[in-house]
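As a plain string of letters, each chain reads:
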Amino acid sequence: MKRFGVMLDMSRNAVMKPDEVKNFAKIIKSFGYNMLQLYTEDTYEVEGEPYFGHLRGRYTEQELTDIVDYCESIGVEVIPCIQTLAHLNQIFAWPVYKNYNDTADILLADDENTYKLIENMFISLRRSFKSEYIHIGMDEAHMLGLGKYLDKHGYKNRFEILSKHLEKVIEISKKYGFKPIMWSDMFFRLGNGGKYASKTPTISQEVVDLTPTEVGLVYWDYYSYDKELYDAMFAAHKKFNNEIWFAGGAWTWEGFAPGNKKTLDTMIPAMRSAKEQGIENIFMTMWGDNGKECSFYSVLPSLFAIKKIYDGESDMDKIKAEFNRTTGEDFDAMFALDIPNFVGGNTDGHKPVAKTMLYNDPFLGVFDSGVREGASKEYESHARLLSKYALESKNYGYIFEVNAELCNVLSLKYDFGTRIRAAYKENDNAALSSLAHECLEIILRLESLHEKFSYLWHKENKPHGFEVQDQRLGGLIMRMTSCHKRLLAYLDGSIDSLPELEEETLDWFGGENNFDTDNYPAKNSWRTIVSPSVI
């Protein structure tokens, strides 16, 4: 094993304070990790590019230098992890980058301005980072060559566009003393109708021959449970004449609650396969999709266990005991941070039920077809347990407090929409009056959730990005206030109906009046949860 590390997402609004990055590096070093990647799409300073990461909490050159120097001093290599093709949507919010955009979040390939921008990135990064490696991204550029590129050049083979662009980025990498690595999915997707991970992956010799050998290929997979699939994908990657890396996932990207269980369910077979296949460079991605509500510290138990399992330990009792000694925290208690998603028979917790039902509209009930009997009581129990653990935790009580308060909110709000709709249809004004009072209690609990989450955010992260959380939680508080007012107006006769409550709830999965009780409708995108109307 050469490198075993983590990748911290600093691009989904939350940019960790430099001291917190150093603290995280110190912790994973005690776990046996020796590498850290900072995923920064536009959240780092680039000389000559004042709008790049503007108002996003970007790291200054000095901050990155300090992080690298500290990590190197404790034996943790820091590798820059950037994007040089897709996933640069935030820079395109600024008009100055309009002409750099092919389509969606993709840079315009084969364009002089694009390569000048990329070279400026490398100039700045090289001044801060000491590693020979740089992660250049290049994943999920699904619409490559189909926007402005198409207008300028006509239709071209998309793999050839990718290869030509990659060659130019490799050339820039070499110029500044970096050895590039990149996500491998585009090579598979462009040749396999969009498919990536499979038990029967196919990769043509033409693709192998066109892939520059100077770039390392990173096979990423956070979703597979089958060791045979990992075995097949590693074998397919070995057909290339390239250095092979593996990126797994420590689940931090589905709302406030982590996914320690899902992490181990997917990564135990991955680690066993990687070790058998002789993969020498491994890291766990820790994404922050859609606003990064989840603290990275929430998955410390699964990060610890993954390394021990890779090293050959299979006794979970021994792993838990060693975690407790190493961190001063209780493994099972921290694992319980997952439980906001464990309700109503959702025993694997593999869907972001909590975030979905937090933002599910109380009158429209888009996701009410997923409400399960008894879940509200489960949330009451979850809140009590997490509050208990908050008092017992030596370092992370504030994280437990956020998830406890989330459960406290959901103990009332989870099925609020179904209860209010039933009372309205039955003309039960006494029940509606009680629900109107409940609205006020939900608002108080939401205000407490906002306060606790604000503390977590500002302890761990720079302030930038929390304005989004203010808008989301503040908007939910205002929405509950609005629903409360409409209920009172209906009850006192000021209005004679509530049309929102008169529409039938439909099955989210498309079954209309036949609800799919075997599935849990759950989304991580606030925009798609909060309303079916245009946001």
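Let me sum up the structure you'll find in this document.

Cut-offs used in this document
Chains are numbered independently. Their residues run from 1 in the order of the written sequence. Per-residue local features of the predicted model are confined to residues with pLDDT of at least 70, and side-chain atom pairs are confined, for both listing and counting, to 80 or more; whole-chain, interface and lining totals are unaffected and use all residues. Values reported for side chains reflect all heavy atoms of the structure, with hydrogen atoms and water molecules removed beforehand. Patch members must show over 30% relative accessible area and no salt bridge, and they are joined within 9 Å when carrying like charges or within 5 Å when they are nonpolar side chains of Val, Leu, Ile, Met, Phe, Trp or Tyr. Under the convention used here, a 1.4 Å probe and the Shrake-Rupley method define accessible areas, while residue burial counts only the protein chains that appear. Salt bridge, as used here: a side-chain nitrogen of Lys or Arg that lies within 4 Å of a carboxyl oxygen of Asp or Glu. By the criteria applied, helices consist of DSSP H or I runs no shorter than four residues and strands consist of E runs no shorter than two, each listed in order from the N terminus. Burial classification: accessible surface area is computed with a 1.4 Å probe over protein chains only, and a residue below 20% of its type maximum counts as buried, one above 50% as exposed, and the rest as partly exposed. Among the buried residues, those of types Ala, Val, Leu, Ile, Met, Phe, Trp, Tyr and Cys that are joined through side-chain atoms within 4.5 Å form a nonpolar core. Every residue pair with non-hydrogen atoms within 4.5 Å of one another is taken to be in contact. What a helix is expected to span follows from its residue count: subtract one and scale by 1.5 Å. The arc refers to the directions leading from the helix axis to the C-beta atoms. Any two strands with at least two DSSP bridges between them are considered paired. Here is how to tell: hold the view so the strands point away, follow the path from the first strand over the helix to the second, and if it runs clockwise the crossover is right-handed.

What follows deals with a nonpolar patch on the surface. A contiguous nonpolar surface patch, about 370 Å² in accessible area, is contributed by Met143, Leu146, Leu150 and Tyr155. Position of Leu146 relative to the elements: it lies in the loop between strand S4 (133–135) and helix H4 (148–153). Judged by relative accessible area, which is 32%, Leu146 ranks as partly exposed.

To continue, consider the nonpolar core. Judged by nonpolar contacts, the single largest core of 179 residues is most densely connected at Val6, Phe24, Phe122, Phe246, Met271, Leu303 and Leu358. Of the residues forming this core, the biggest block, 11 residues, is contributed by helix H17 (residues 429–460). Not counting chain neighbours up to four residues away, the residues in contact with Leu358 comprise Phe256, Leu406, Val409, Leu410, Lys413, Leu446, Leu449, Leu473 and Leu476.

With that settled, consider helix H2 (residues 61–73). In a regular helix each residue adds 1.5 Å, so 13 residues correspond to 18 Å; H2 covers 18 Å between its end C-alpha atoms and thus fits that length. Residues of H2 that are buried: Leu64, Thr65, Ile67, Val68 and Cys71. Angularly, the buried residues of H2 cover 165° about the axis, an arc narrow enough to put them on a single face. Along its buried surface, H2 packs onto helix H1 (18–31), strand S2 (35–39), strand S3 (77–81) and helix H3 (112–128).

Attention shifts here to helix H18 (residues 466–491). With 26 residues, H18 extends 37 Å between its outermost C-alpha atoms, agreeing within 8% with the 38 Å of an ideal straight helix rising 1.5 Å per residue. As for H18, its buried residues are in contact with helix H13 (353–359), helix H15 (397–413), helix H16 (416–425), H17 and helix H19 (526–530). With its phi angle positive at about 85°, Gly493 sits one or two positions after the end of H18.

Quick look at the pairing of S3 now. S3 sits mainly inside the fold: five of its five residues count as buried. Going residue by residue along S3, you find Glu77, Ile79 and Cys81 tucked away on one face and Val78 and Pro80 tucked away on the opposite face as well. Bridge analysis of S2 against S3 gives five bridges, and the strand direction is parallel. When the sheet's bridge partners are listed, Leu36 is paired in S3 with Val78. One crossover worth recording links S2 to the parallel S3 by way of H2, and it is right-handed.

Turning our eyes to something else, we now look at the pairing of strand S5 (residues 179–183). By the criterion of burial, S5 is predominantly enclosed, with four of the five residues buried. With three bridges connecting them, S4 and S5 associate as parallel partners. Note on S5: the bridge partner recorded for His135 is Ile181. Both S5 and strand S6 (residues 216–220) contribute to a ladder of three bridges, which runs parallel. When the sheet's bridge partners are listed, Met182 is paired in S6 with Leu217.

For the rest of this paragraph, the subject is the pattern of salt bridges. What the rule picks out here adds up to 37 salt bridges. For the salt bridge of Lys164 with Asp110, the shortest nitrogen-to-oxygen distance reads 3.5 Å. Placement of the pair is Lys164 in helix H5 (residues 158–175) and Asp110 in the loop between S3 and H3, with a sequence separation of 54 residues. In this structure, the salt-bridge partner of Asp110 is Lys168, at a minimum N-O distance of 3.5 Å. Remark: Lys168 occurs in helix H5 and Asp110 occurs in the loop between S3 and H3; sequence separation between them is 58 residues. A single network of salt bridges, built from pairs that share partners, joins Arg3, Glu77 and Glu132.

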